[in-house]
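Survey of secondary and tertiary structure
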Amino acid sequence: MHDTSAHAVQHQAPTSFIRKHVFSLDHKVIGKQYYGLALAAALIGMALSWLMRIHLGWNNAAIPGLQVLSPNGAPGGVMTPEYYLQLMTMHGTIMVFFVLTTAPFAAFGNFFLPIQVGAEDMPFPRFNMMSFWVTFTAFLVLVSSFVLSDGPTLGGWTQYAPLNSIGSAGGPGQGLGVVLWMTSIALFCIGQLLGSLNFISTTLDLRVKGMSLMRLPLSAWAWFITSCMGLTAFSVLMPACILVILDHVAGTSFFVPSGLVLNDQLIPHSGGSTLLWQHLFWFFGHPEVYIAIVPGIGIVSHILIANMRKPMLSQRVLIYCMGALAVLSYMVYGHHMFVSGMNPISSLAFSFPTLVITIPATITVLVWVFSLYGSRLRINAASLFALGFISMFVSGGVSGFFLAQPSIDIMLHATYFVVGHFHLVMGVAAMFGIFAGTYFWFPKMSGRMMNETLGKVHFWMSFVGAYCIFMPFHYLGIAGNVRRYATFVDDYLQPLIPVHRFITIAALFTGAAQLVFVYNLIHSRFWGKPAPDNPWEATSMEWSTATPPPWDNFGGKHPVVYHDPYQYGVESSVGDYVMQASPEQVKTDHEEK
Amino acid sequence: MGKFFAVTILVIAILSAIPIVMHTWDAPADVSTHGHLIDEQMSETMAEAGISFLAAQFILAFFVWQFSNRGKESKLKSFPGGARALVIAALLVVGVEVLALGVFGVKAWAGVYLTPPSANAMTIQAQAGQFAFYFRYPGPDGKFGPIHPEMINEGNQNLFGLDPEHDVESRDDVVTAELAIPVNKEVHLLMHAKDVGHSFFVRELRVQQDFVPGLDVSLHFTATKVGKYEIVCTQLCGLGHYNMRAYLEVLSAEDFDAWMKKQAGMQ
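Residues numbered from 1 in each chain as written. Chains lettered and ligands numbered in written order. Predicted model: local features only at pLDDT ≥ 70, side-chain atom pairs only at ≥ 80, totals over all residues.

1. Observations concerning the overall build of chain B
- What chain B contains, in helices and strands, is 4 helices and 10 strands.
- Relative to its length of 267 residues, chain B is extended, with a C-alpha radius of gyration of 26 Å against a globular reference of 18 Å.
- Overall, chain B is about 95 × 35 × 30 Å in size when its C-alpha atoms are taken along their principal axes.
- When burial is assessed residue by residue, chain B has 42% of its 267 residues classed as buried.
- In chain B, 70% of the contacts between residues at least 6 apart in sequence involve partners at least 24 apart. (Helix = DSSP H or I, 4+ residues; strand = E, 2+ residues; numbered from the N terminus. Rg over C-alpha atoms; globule rule 2.2 N^0.38 Å. Buried ≥ 20, exposed ≤ 12 C-beta atoms within 10 Å, placed from the backbone. Contact = placed C-beta atoms within 7 Å.)

2. Observations concerning the overall build of chain A
- Counting its secondary structure elements, chain A contains 17 helices and 4 strands.
- On C-alpha atoms alone, chain A measures out to a radius of gyration of 24 Å, which is about the 25 Å that the 2.2 N^0.38 rule sets for 593 residues.
- Along the first, second and third principal axes, the C-alpha atoms of chain A reach 80 × 50 × 45 Å.
- Taking all 593 residues of chain A together, 63% fall into the buried category.
- Expressed as a percentage of contacts within chain A between residues at least 6 apart in sequence, the contacts between residues at least 24 apart total 78%.

3. Structural notes on the interface of chain A and chain B
- Counting from both sides, the interface comprises 89 residues of chain A and, opposite them, 89 residues of chain B.
- Looking at which element gives the most residues to the side of chain A that touches chain B, the answer is helix α11 (residues 358–371) of chain A, with 9 residues.
- Classifying every residue of the side of chain A that touches chain B gives 56 nonpolar, 25 polar and 8 charged. (Nonpolar A, V, L, I, M, F, W, Y, C, P; charged D, E, K, R; others polar.)

4. Examining the domain arrangement of chain B
All names here are of chain B.
- Domain assignment breaks chain B into domain 1 (2–68 + 80–113) and domain 2 (122–266).
- Here the C-alpha centroids of domain 1 and domain 2 sit 38 Å apart.
- With 10 residues of domain 1 at the contact, the number on the domain 2 side is 11 residues.
- A class-by-class count of the residues in the side of domain 1 that touches domain 2 yields 5 nonpolar, 4 polar and 1 charged. (Domains from an automatic or database assignment.)

5. Considering the environment of P530 of chain A
Residue and element names in this part refer to chain A.
- As for its position among the elements, P530 is in the loop between α17 (497–527) and β3 (567–568).
- Exposure remark for P530: the 10 C-beta atoms within 10 Å place this residue in the exposed category.
- Separated by 17 residues in sequence, P530 and T547 have C-alpha atoms that sit 9.2 Å apart.
- Ignoring sequence-local partners within four residues, the contact set of P530 consists of G447 and R448.

6. Considerations on the environment of F62 of chain B
- Inspection of the secondary structure assignment puts F62 of chain B in helix α2 (residues 35–67).
- We classify F62 of chain B as partly exposed; it has 16 C-beta atoms within 10 Å.

7. Some thoughts on the confidence of the model for chain A
- Looking at chain A as a whole, its pLDDT mean stands at 94, while 97% of the residues score no less than 70.
- Note that pLDDT drops below 50 for residues 1–6 of chain A; the model gives that stretch 12 contacts with residues more than four away or on any other chain. (pLDDT = per-residue confidence, 0-100.)

8. Some words on the pairing of strand β5 (residues 186–193) of chain B
- Note that strand β1 (residues 122–129) of chain B and β5 of chain B share 7 bridges and pair parallel. Paired with M122 of chain B across the strands is V187 of chain B, a residue of β5 of chain B. (Pairing = 2+ DSSP bridges.)

9. Considerations on the nonpolar core
- Ranked by internal contacts, the top residues of the largest apolar core, which has 275 residues, are A38, M322, V367, F385, A429 and A436 of chain A.
- The element best represented in this core is helix α4 (residues 81–117) of chain A, accounting for 23 residues.
- Taken domain by domain, the makeup of this core includes at least three residues from each of domain 1 (2–68 + 80–113) and domain 2 (122–266) of chain B.
- Not counting the four nearest positions on each side in its chain, M322 of chain A is found in contact with W221, A222, I225, V294, I297 and G298 of chain A. (Core = buried A, V, L, I, M, F, W, Y, C linked by C-beta atoms within 7 Å.)

Here's what the structure looks like:
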């Protein structure tokens, strides 16, 4: 527990336009900048998925205007196989890094973590500003590869070696395209490392008086745990990316072994290891899955509690489960490599923790679902997305039972089953967490309410649409449909093409729902109903301050925390809840102490 | 709207399960000696995952139906047993479930990867390169000649980089673009990549294994049914990845001998 005297006012109220809106040191502005970046990235990523889906459903379809984007990649608007792979790579990279990492963690975390702990800002505001601008630069570097004459890299978001290290002989985009990709991701890692440092020190050092660790809301716990993962995962990926760049520009051979032949020419490299890249990548890559989803777990818990009007069955159990997921995420990464040529005993060693990780995940789901029992659940756009998150998390999670087992992985590895699994559990579920967070926190962030009716339309279209897209992926995978194919030429895959067409139509429909969301977001930002300070009658610190919060969060006051984060179902002077910062004593049977 | 949400989840859960229960899209029938172990493991996992999926969605739907939009006067209740009961239930049920899957799964995995090929298995070399598979049989001497990567030249059809002029063992080696094997005879596949990572996936044989540049990887299996099956690449290897495939011909012993003679004559 910390005294308010530990706080140092890190910066004065900004006065110039640039300091207020561009190079701002204010964590709230930086949070909104991250949100804007994630939104732009998500729209680009979604547009790429539309192009891919249209191509997979109707191979020879000319997509009007595509030839303008890439005359070589889509002559006459018809996508070439290599252009398909390039769009796929960019879709995956943009979505995993610039949407699923930035929105739930960097955007919401930046805006709300300092407020939820009662701080005026983060301890290193300049690092925080740098974190955003480095990430923004990383995004520009990545999308700039679209203008290269041979396009962006086609190696997939996993960028396996040695395809990532042998230069343009490996295919279009494998020269400068890869170098730009690696530069972008290395920069992204720096941005997230700076962010993680700030998140960790904010949580540990800037908690206001009375805010013990156990009094932190679940969202704050989730961001804290995620930042610990970020610190250790991104610090492994960054050097790995730098080594690939060296293989390209400095003649090194970190990831290229000797004796490889391309176009009848011996590649002048020797001594590298291709599996080394896979180990480094997945040591980052699997925790990355949890970096994307743990903030969602925290956000959804936080939102559900406010809408259930009662706390979760156990705050502590949920925190321990998030912690267990984080720790185990480093021990399971080898399940991506069961058939990679790694020692088969290692596969078994990685299989058991992968199976075990289902235990904290199951406990989390059980605590959510059984906490609904006996609640007074309010249904609104935010709570619908939170409930949808649980449904998607379960649906995507159970397929993990299959992929955790090396023997079954022999049949399902690199098929659409895997695509369905990770899209549901880390893609759609995490997106639902972002949407729930947006509908819940938008009033505090912008000072205006979002349109609830449009929010519900957005939910229903997205919920049904996402199931129509991603459930059939599992069926395709079970049937043996291989992923990352531009066209299905195999005799065996021909009968599955109608399923792909169904998925394409569902993807276009679900994408249209996101336009409803964007319209709602923009319209509400300017013309929405003004939001009161605490529209949801919630208890945590962000609702104790003005809407939108002043630049120093609490208007020069140092709040004191008197209660657990979720004192609902009590009788107080304001209703069935008491806020963390309210000194009012209420009768309660669930204060954690 | 809570009740509508509950019904929607129920409908989605049931519709999702129908194609699985009806076996609408199944993997092709197994033609290997080890495949039934994988198939059984798959069925057991499907049953456990399916029950978990349906149970979780049903309970979620039921509670949302029951407890959404209740008035302020309705009493808040807590689940009897609390979190402790749930943690114990999860540890017991899921713990036993995953332990069972893990332990039984070892058998299927061991059948493919932890038992060495038998001494009389037929050894064939497989080479993957952008964007084709090639296979090499050792010929009557039973020995593969050494590979000289610098001599690989597709133009003059020296696909494996052989030097029969200097290497005696290479002289009778037979190189083909399709993989023919005799039925009910164990095959030991020695796999190497020519350029980048590739993979060897035959759905009917229940085998999938990456080719790893710089590593010699091996795989062994026995096909039990005569027929022609697709070998496809499942590791993203470049622009022609989608089109990288070859055929596996499982032949009777006599047909295989005839095929081998014909191929040897063509070299």
